[in-house]
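Chain by chain, the residues run as shown.
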Amino acid sequence: MTEEERNKEIEWLMGSIKRSAIGGSSTTYMLLFLSIILIAFGLLIMFFSGGFNDDTGAPLLLLMGGMLLLVTLISYVSNKRIARAETPRELLATHDRMLIIQSAFFMVIIVVMAVFLPGGFVSKACFILSGVLPIIAGWLAMQQRLRLWMGIILLIVESVLLYFSGVGLLLELTLLIAMLSIMRGEKSLFTSKESEGLDEEDKQDIKRLRELVKESESRIEMNTNIKNNE
């Protein structure tokens, strides 16, 4: 591929990703809907139970709803910044920062859930670790370092941790599906090919853009070294 062809593909990929960002992410809308549901249920429980009682579970629902609302706001702001990005490096940096912040909030939610879930120290620790593994897998996939054998090992470890955490079948399946989705690069349960926004269908564009930027920078560095040696 010539430098001109590479630049044209980078320009096309940036345009595609920015158009999706302008449209808004269906994942963002899903998180907004879920946060509103959690907050509404928390307020209803407080209203009918007559106060802010820890035994009712209302504090946990309100806390999780508030955190998800913050994650939604972060996604919205990040998409707008991606839409205004002028260089591929700026676009990728904004995208990566969004994922890091979302991962941090996800871990906070997992830790909070572990505190309120019944069980001993071992089961709570296993649940927290089961929340860490999808983040590690997602980071490796983002950096194009997630190999098949690594993914299989992470999936096996995730299954074992969830088994000993005793969190229930629904939550176990949710985390396992998230891990499988990361491994195989498939669409999540909440996105479709027709959906707008920076969802699964855009990950391949971002991955390809990252590859082209690295190739372009490597070529520039190689040319610079050749000139310096002459």
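All of these numbers come straight from a predicted model, not from anything done at the bench.

Student: Talk me through the overall build of the protein chain; I want residue IDs and the actual numbers.
Tutor: Regarding its fold elements, the protein chain presents eight helices and zero strands. The helix and strand sequence of the protein chain, counted from the amino end, reads α-α-α-α-α-α-α-α. Residues counted as buried form 37% of the 230 residues belonging to the protein chain. Considering only residue pairs separated by 6 or more positions, the protein chain has 70% of its internal contacts joining residues 24 or more positions apart. As displayed, the protein chain offers around 13700 Å² of accessible surface, 66% of which is attributable to carbon and sulfur atoms.

Student: Can you tell me about a nonpolar patch on the surface, naming the residues and giving the values?
Tutor: On the surface, Phe33, Ile37, Phe41, Leu44, Phe47 and Phe48 cluster together into a nonpolar patch covering about 710 Å² of accessible area. When you line up the elements, Phe48 lands in helix α2 (residues 26-49).

Student: Which residues make up the environment of Pro134, and what values go with them?
Tutor: Within the fold, Pro134 resides in helix α5 (residues 121-142). A relative accessible area of 8% means that Pro134 is categorised as buried. Placed 24 residues apart in sequence, Pro134 and Glu158 show a C-alpha to C-alpha distance of 8.4 Å.

Student: Describe the pattern of salt bridges, naming the residues involved and giving the relevant values.
Tutor: Enumeration over the complete set of coordinates arrives at four salt bridges. When salt bridges that share partners are traced, they join Glu9, Arg208 and Glu211 into one network.

Student: Tell me about the packing of aromatic side chains, and name the residues and values.
Tutor: If you walk through the whole model with that rule in mind, you get one aromatic pair. With 5.2 Å between their ring centres and 85° between their planes, Tyr163 and Phe164 make a pair best called edge-to-face. With respect to class, Tyr163 is no different from Phe164; both count as exposed.

Student: Can you tell me about the side chain of Ser130, naming the residues and giving the values?
Tutor: Structurally, the position occupied by Ser130 is in helix α5. Using a relative accessible area of 0% as the deciding quantity, one classes Ser130 as buried. A distance of 2.5 Å separates the side chain of Ser130 from the backbone oxygen of Phe127, its partner in a polar contact.

Student: Summarise helix α6 (residues 148-165); cite the residues concerned and give the values.
Tutor: Every α-helix carries 3.6 residues per turn, so stepping three or four residues along brings you back to the same face. Over its 18 residues, α6 runs 26 Å from end to end, which matches the ideal 26 Å to within 8%, given 1.5 Å per residue. Among the residues of α6, Gly151, Leu154, Glu158, Leu161, Leu162 and Ser165 are the ones counted as buried. End-on, the buried residues of α6 take up no more than an arc of 95°, which puts them together on one face. In α6, the exposed positions that point more than 90 degrees away from the buried face belong to Leu148, Trp149, Ile156, Tyr163 and Phe164. Of the residues one or two after α6, Gly166 is the one with positive phi, at around 60°.

Student: Before we move on, can you summarise the environment of Met64 with the specific residues and values?
Tutor: Within the secondary structure layout, Met64 lies in helix α3 (residues 58-84). Relative accessible area serves as the criterion here: at 14%, Met64 is assigned to the buried category. Separated by 22 residues in sequence, Met64 and Gly42 have C-alpha atoms that sit 9.7 Å apart. Not counting the four nearest positions on each side in its chain, Met64 is found in contact with Leu38, Ile109 and Met113.

Parameters and conventions
Residues numbered from 1 in each chain as written. Predicted model: local features only at pLDDT ≥ 70, side-chain atom pairs only at ≥ 80, totals over all residues. Heavy atoms only, no water. Helix = DSSP H or I, 4+ residues; strand = E, 2+ residues; numbered from the N terminus. Buried < 20%, exposed > 50% of the residue type's maximum accessible area, 1.4 Å probe, protein only. Contact = heavy atoms within 4.5 Å. Areas by Shrake-Rupley, 256 points an atom, 1.4 Å probe, with all protein chains shown as cover. Patch = residues over 30% accessible without salt bridge, like charges linked within 9 Å, V, L, I, M, F, W, Y side chains within 5 Å. Salt bridge = Lys/Arg side-chain N within 4 Å of Asp/Glu carboxyl O. Phe/Tyr/Trp six-rings, centres within 6.5 Å; stacked < 30°, edge-to-face > 60°. Polar contact = N/O pair within 3.5 Å; in protein donor to acceptor, adjacent residues only side chain to side chain. Expected span 1.5 Å × (residues − 1). Arc of directions from axis to C-beta.

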